[in-house]
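Residue-level structure breakdown
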Amino acid sequence: MFMSDRINRINAAIDNHIHVWSSVPSFAPLARILQNDREILVEKLLTLTARGVPKGQNGRDAVRLFLLGYALERVTGRITSEHFTIFREGETVQVILEDSFGVISEADWDDVLIPHQTEALKIIIGCLFRRVKPADEKDILSFLHLFSREKANLPADQDRTMRVRSMIWFVYLAIEIVKSEPTVCLKGLEYFRNKFRDLLDLTIEGTIINEDSRLPGYEGGKWESTLFGWLQGEDRRQFVEKLKRQFNMENRIEHANRCLLAEHRKCILEQVLAFFCK
């Protein structure tokens, strides 16, 4: 295929997305990003298709996912403590995050200093919209409702919004594991999965920190200053139990749009390893 033909097909794909997204008021910011960055997108897609993206439906799916991810990353603002707020536990969440991540103080306000925002948002976008079938409008809307700098005009699906908030917690707990135990990078996905599950259970049991002794807690106390440590406590146990239920480790089928699926958890763990194992 001549280069001009490839460019024309890519432009047609971009035009199609601009047309579709422009017809939905909440998605208009996504359409503007494609319009403004058209030259960059054409260049990137030429490289993507040159790497052997299959023709036909699979190729169109790959292009669609790329365009959606590109637009969502650029329409997104920063992660705040509000994005972690779940089960209407705003005060509990705020204290946990302040203790774990610290606070940045300005003249008239304080804010939690959320780390690794670029990586976390890329992981959430990639793992929420990675399926080859067209992304569900309600999933896109729920993401925009939480993260867009231009707030979505339509109400978000509460179950799907709960799923995204659960993904935020899962991502940051997974990052804590890799940062505190770098050997996870060498031991692989199955070890990572089991470690995550064990630490969550130990947090609920109250054994991450040895509260009855001056002796260090679990594994010499190396988890005490992580999110797992700050989540421990009798007053926070119910919160962590509900969080674990949202993670859906048992792959329950009820509330299919509310909880994480096995593919979400697997994708997040894989992407955390890819981003943080250097």
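A quick note: this is a predicted structure, and the numbers were derived from the prediction, not measured.

1. Focus: the state of the cysteines
The tally for this structure, following the rule as stated, stands at two disulfides. Disulfide partner of C127: C267, at an S-S distance of 2.1 Å. Between C127 and C267, the disulfide has an S-S torsion of -80° and is therefore left-handed. Highlighted residues: C127 in helix α7 (residues 117-128) and C267 in helix α14 (residues 262-276), separated in sequence by 140 residues. Here C127 matches C267 in class, with each residue buried. Two residues share a disulfide in this structure: C185 and C277, whose sulfurs sit 1.9 Å from each other.

2. Thoughts on unusual backbone geometry
We note that F87 has phi near 60°; this positive angle belongs to a residue other than glycine. Position of F87 among the secondary structure elements: in the loop between α5 (81-84) and α6 (90-101). With a relative accessible area of 18%, F87 lands in the buried category.

3. So, the environment of E43
For E43, the location among the structural elements is in helix α3 (residues 38-50). Given a relative accessible area of 58%, E43 falls into the exposed group. Separated by 233 residues in the primary sequence, E43 and F276 have C-alpha atoms spaced 28 Å apart.

4. Re the pattern of salt bridges
A full pass over the atoms with the stated rule returns 19 salt bridges. In this structure, R160 engages D157 in a salt bridge whose closest nitrogen and oxygen atoms are separated by 3.9 Å. With a shortest N-O distance of 3.4 Å, E181 and K222 are connected by a salt bridge. Note that E181 is positioned in the loop between α9 (158-180) and α10 (184-187) and K222 in the loop between α11 (189-205) and α12 (227-231), a separation of 41 residues in sequence. Overall, the relative accessible area of 35% leaves K222 in the partly exposed class. Because the salt bridges share partners, they merge into one network encompassing D136, D139, D157 and R160.

5. What about helix α13 (residues 237-247)?
For α13, the complete set of buried residues consists of F239, V240, L243, Q246 and F247. One side of α13 carries all its buried residues, which in axial view fall inside an arc of 110°. Each element contacted by the buried residues of α13 is listed here: α6, α9, α11, α12 and α14. Of the residues trailing α13, N248 is marked for its positive phi of about 60°.

What counts, and at which threshold
Sequence positions are assigned chain by chain, starting from 1 and proceeding in written order. Owing to the predicted nature of the model, reporting of local features is limited to residues with pLDDT of at least 70; listing and counting of side-chain atom pairs is limited to 80 or more, with chain, interface and lining totals taken over all residues. Note that the side-chain values use all heavy atoms of the structure and ignore hydrogens as well as water. When two cysteine sulfur atoms lie within 2.5 Å, the pair is treated as a disulfide. Put simply, DSSP marks the helices as runs of H or I at least four residues long and the strands as runs of E at least two long, and each gets a number from the N terminus on. Between buried and exposed lies partly exposed: a residue is buried under 20% and exposed over 50% of the maximum accessible area for its type, with that area taken using a 1.4 Å probe on protein chains only. Salt bridge, as applied in this entry: a Lys or Arg side-chain nitrogen positioned within 4 Å of an Asp or Glu carboxyl oxygen. Directions are taken from the helix axis to each C-beta atom, and the arc is the one they span. Contacts are residue-level and defined by heavy atoms, with any inter-residue pair within 4.5 Å sufficient.

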